[in-house]
Amino acid sequence: MSLEEFYHQWNDSDPRLLVHTSGSTGAPKPLWVEKSRMRASARITCEFLQLEEGETALLCLPLDYIAGKMMAVRAWEWNLRLLAVIPDSHPMVALAQDYPEVSTIAFAAMIPMQVVRSLEDEKEAIALKKIKNLIIGGGAIDDTLAKTLRSFPNAVYSTYGMTETLSHVALRRLSGPEASLWYTPFNGVSISLDSDQRIVIDAPEVCAERLVTNDIGEMNVDGRRFRVLGRAGNVICSGGIKVQAEEVERLLADVISEPYFVTAIPDAVLGQVVTIVVQKEHRRELSESSTVDESPEQWLHRHHDTFVRLLPPYWCPRKALFVNRLPMTETGKIIRKIPSMFT
């Protein structure tokens, strides 16, 4: 969808708009949302970030999904100057090419992949650090990226939300002394946990119904802020022990150089075993004894001592699989399932 097409949809007489979910937990689903709630969401974000009329906003996300649509809506509703570039992995390059006269961006939203790719180039990294308010969503932010963002001079946030909440309803500061592991809900948003520790969102301005998510959470002692531990569907039950796949990834983030994710394979004895799926295309060998033709079993054996040192016993990966590319959605989220070639 082009920006012009979306502009006409936004300004037509229909009070609702058709959007689609990202497809990270299944096939993308159509969803009708009220424009009045999208306006409320835009206002809440712009007020929180203290954006001012006339400031510049960068649109570098596809308009096919709610994140891109909401960036445009925020700009239109808050009278920001909207600069739209092709949504690829190097938005700062596209910005320099399309708008060479622009030196300051007040507000931008990106997915983690765009931030990571921009940091790989010195000029892009400098431009990225100049963004006054950068929000990052659509995927997990690993510890390595979080450490890098902590030194950014301006405000960088991780977002929490989904299509049903019309983008984010809470932010977590990643930069400066205010950096935190805890998300803070916007005013008017209440977060709680149900009996299965799933996050429950009550945000009447943007979502008509109380929303029980598939995210496993933890509440802060203040009763308001919260952490996201992982997806309910990513809980692995191995030998009666519940293992959150994302928590395993977090603990291994500093010791595995290859792109990877953690999932489960059925096991006759344990029910499920923790399994690590590794992208082998860009594998870097970590010792002289390693070989290019290393098998998954050899790779697993090479990392065994590290896993035992960092993880509880039932959390340690017992299987490893190699793939050429990790399966991902169009918005950069990992599709956390065993590739069909192994099932």
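Provided above is the structure to which this section pertains.
Okay, so let's go over this structure. Every value quoted in this text rests on a predicted model; they were computed, and no experiment measured them.

1. A look at the overall build of the protein chain
Working step 1: Along its length, the protein chain carries 9 helices and 18 strands.
Working step 2: Here the protein chain has a C-alpha radius of gyration of 21 Å; the compact-globule value for 343 residues is 20 Å, and the two agree.
Working step 3: For the protein chain, the spread of C-alpha atoms along the three principal axes comes to 60 × 45 × 40 Å.
Working step 4: When contacts within the protein chain are restricted to residue pairs at least 6 apart in sequence, those whose partners lie at least 24 apart make up 56%.
Working step 5: Split by element, the accessible area of the protein chain, about 17,300 Å² in all, is 50% carbon and sulfur.
Working step 6: Separation of charge centres in the protein chain, based on 37 positive and 44 negative side chains, amounts to 3 Å.

2. A short note on the sheet that holds strand S11 (residues 198-202)
Working step 1: Taken in spatial order, the 4 strands of this open sheet run S10-S11-S12-S13, and their pairing is antiparallel. This sheet does not close on itself; its edge strands, each paired only once, are strand S10 (190-193) and strand S13 (226-231). With strand direction ignored, the average angle separating the axes of adjacent strands in the sheet is 50°.
Working step 2: Pairing of strand S12 (residues 211-219) with S13 involves 5 bridges; the strand directions are antiparallel. The residue bridging glutamate 218 from the neighbouring strand is arginine 227, located in S13.

3. Brief notes about the nonpolar core
Grouped burial of nonpolar side chains is what soluble globular proteins tend to show.
Working step 1: Of all hydrophobic cores here, the largest spans 46 residues; its most connected members are Met38, Tyr160 and Ile201.
Working step 2: Those residues in contact with methionine 38 that sit more than four places away from it in its chain are Trp10, Leu17, Val33, Ile66, Met70, Val73 and Leu166.

4. Description of helix H8 (residues 245-252)
Working step 1: For H8, the buried fraction is high: 6 of the 8 residues fall into the buried class.
Working step 2: If you check which residues of H8 are buried, you get Ala245, Glu246, Glu247, Val248, Glu249 and Leu252.
Working step 3: Close packing links the buried residues of H8 with S13, strand S14 (235-238), strand S15 (241-244), strand S16 (260-267) and helix H9 (296-310).

5. Description of the side chain of serine 118
Working step 1: When you line up the elements, serine 118 lands in helix H5 (residues 112-119).
Working step 2: If sequence neighbours within four positions are ignored, serine 118 has contacts with Ser89, Pro91, Met92, Glu124, Ala125 and Leu128.

Thresholds, definitions, all that
Residues numbered from 1 in each chain as written. Predicted model: local features only at pLDDT ≥ 70, side-chain atom pairs only at ≥ 80, totals over all residues. Heavy atoms only, no water. Helix = DSSP H or I, 4+ residues; strand = E, 2+ residues; numbered from the N terminus. Rg over C-alpha atoms; globule rule 2.2 N^0.38 Å. Contact = heavy atoms within 4.5 Å. Areas by Shrake-Rupley, 256 points an atom, 1.4 Å probe, with all protein chains shown as cover. Lys, Arg positive; Asp, Glu negative; His and termini not counted. Charge placed at Lys NZ, Arg CZ, Asp CG, Glu CD. Pairing = 2+ DSSP bridges. Axes fitted to C-alpha atoms, helices over the stretch in contact; angles between N-to-C directions. Core = buried A, V, L, I, M, F, W, Y, C linked by side-chain atoms within 4.5 Å. Buried < 20%, exposed > 50% of the residue type's maximum accessible area, 1.4 Å probe, protein only.

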